[in-house]
Amino acid sequence: EVQLVESGGGLLKPGGSLRLSCAASGFTFSDYGMNWVRQAPGKGLEFVSSISGTSKSIYYGDSMKGRFVISRDNAKNSLYLQMKSLRAEDTAVYYCTRGGLVPPAFDYWGQGTVVTVSS
Amino acid sequence: DIQMTQSPSSLSASVGDRVTITCRASQSINNYLNWYQQHPGKAPKLLIYAASSLQSGVPSRFSGSGSGTDFSLTISGLQPEDFATYYCQQSYTTLWAFGPGTTVEIK
């Protein structure tokens, strides 16, 4: 059974930094691209970042460029999102998702981890 | 960047109704269009990928169609568990943009 379990969320002040983690199981992690998607309270889904299985291809949503860094450790079956210079508008549930090419969609989602940025 | 729009933003329907939600891309995305369902407080769930392919385990009352810039999701015979928010997503570019969502509410 595919499982994605996020951790690392919390409450922090504007300008702070945070590292999110996603522990994957139930599939060959290195075979899949992985992604982060976020959802602000009461809002829709927003693509944050994606990384290929080999880490050679990395993409970011426009509002995340230069502040967020995605990475993965295939030996640990783990995905990460390092976030810095956090703003109130980064407050959201952050979801870890699997997928990319076959099918060309996000076929599994974690339960999400909450990040709150507030003074 | 490709922008995605959806209509309507919300709709009210009854159990058993046939419901159609539309999604439009700002430029052609061929058939690189996915649909997700999200219940309140839950993670989204993939329903349809590549515009019309049903994800494994998804009931056949869900169907998708379209290509280019215009797409639709149809639920034939709405069930109580189908009241949720639906999002489209383009997978034509690596920015994976989502539409703003359509909430299906109980009439």
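In this report, the structure presented in the accompanying data block is examined. In this text the structure is predicted, and so the values were computed from the model without any measurement. (Residues numbered from 1 in each chain as written. Chains lettered and ligands numbered in written order. Predicted model: local features only at pLDDT ≥ 70, side-chain atom pairs only at ≥ 80, totals over all residues. Heavy atoms only, no water.)

**Brief notes about the interface of chain B and chain A**
The interface of chain B with chain A comprises 17 residues on the first partner and 21 residues on the second. Both faces combined, the contact of chain B with chain A buries some 1,600 Å², and carbon together with sulfur accounts for 65% of it. At the junction of chain B and chain A, the tally comes to six residue pairs in polar contact (both at pLDDT 80 or more). Of all the secondary structure elements, the ones that give two or more residues to the side of chain B that touches chain A are strand 4 (33-38), strand 5 (45-49) and strand 9 (85-90) of chain B. For the side of chain B that touches chain A, the element with the most residues is strand 4 of chain B, which contributes three residues. (Contact = heavy atoms within 4.5 Å. Buried area = accessible area lost by both parts, 1.4 Å probe. Polar contact = N/O pair within 3.5 Å; in protein donor to acceptor, adjacent residues only side chain to side chain. Helix = DSSP H or I, 4+ residues; strand = E, 2+ residues; numbered from the N terminus.)

**What about the side chain of B:S91?**
By the element assignment, B:S91 lies in the loop between strand 9 and strand 10 (102-106). Of the polar contacts made by the side chain of B:S91, one reaches the backbone oxygen of A:P104; its length is 3.1 Å.

**Side note on the pairing of strand 11 (residues 113-117) of chain A**
All names here are of chain A. The alternating pattern of strand 11 places T113, V115 and V117 on a buried face and V114 and T116 on a face that is not buried. Relative to strand 11, strand 2 (residues 10-12) runs parallel, the two being bridged by three bridges. What sits directly across from L12, in strand 11, is V117. Note: strand 9 (residues 92-99) against strand 11, three bridges, orientation antiparallel. Considered in strand 11, the bridge of V93 is made with V114. (Buried < 20%, exposed > 50% of the residue type's maximum accessible area, 1.4 Å probe, protein only. Pairing = 2+ DSSP bridges.)

**Here we look at the side chain of B:T102**
Residues and elements named next belong to chain B. Tracing the chain through its elements places T102 in strand 10. What makes T102 buried here is its relative accessible area of 0%. Reaching out from T102, the side chain makes a polar contact with the side chain of Q6 at a distance of 3.2 Å. Aside from chain neighbours lying at most four places away, what touches T102 is Q6, S7, P8, S9, S10, L11, I21, A84, T85 and Y86.

**Points about the packing of aromatic side chains**
Aromatic rings in a pair are described by how distant their centres are and how their planes are angled relative to each other. Counted according to the given criterion, the structure contains eleven aromatic pairs over all chains. Pairing A:Y95 with A:W109 gives two aromatic rings, centres 5.7 Å apart and planes at 75°, and the pair type is edge-to-face. Taken together, the residues span a long stretch of sequence, with A:Y95 in strand 9 and A:W109 in strand 10 (residues 106-109) at a distance of 14 residues. For A:Y95, a relative accessible area of 3% translates into the label buried. Centre to centre, the rings of B:F62 and B:Y86 are 6.4 Å apart; their planes meet at 40°, and the pair counts as tilted. Taken together, the residues span a long stretch of sequence, with B:F62 in strand 7 (residues 62-67) and B:Y86 in strand 9 at a distance of 24 residues. The same class applies to B:F62 as to B:Y86, namely buried. Members of the aromatic cluster, joined through ring pairs, are A:Y95, A:F106, A:W109, B:Y36, B:W96 and B:F98. The ring of A:Y32 has A:R98 lying over it, and the distance from NZ or CZ to the ring centre is 3.9 Å. (Phe/Tyr/Trp six-rings, centres within 6.5 Å; stacked < 30°, edge-to-face > 60°. Lys NZ or Arg CZ within 6 Å of the ring centre and 35° of its normal.)

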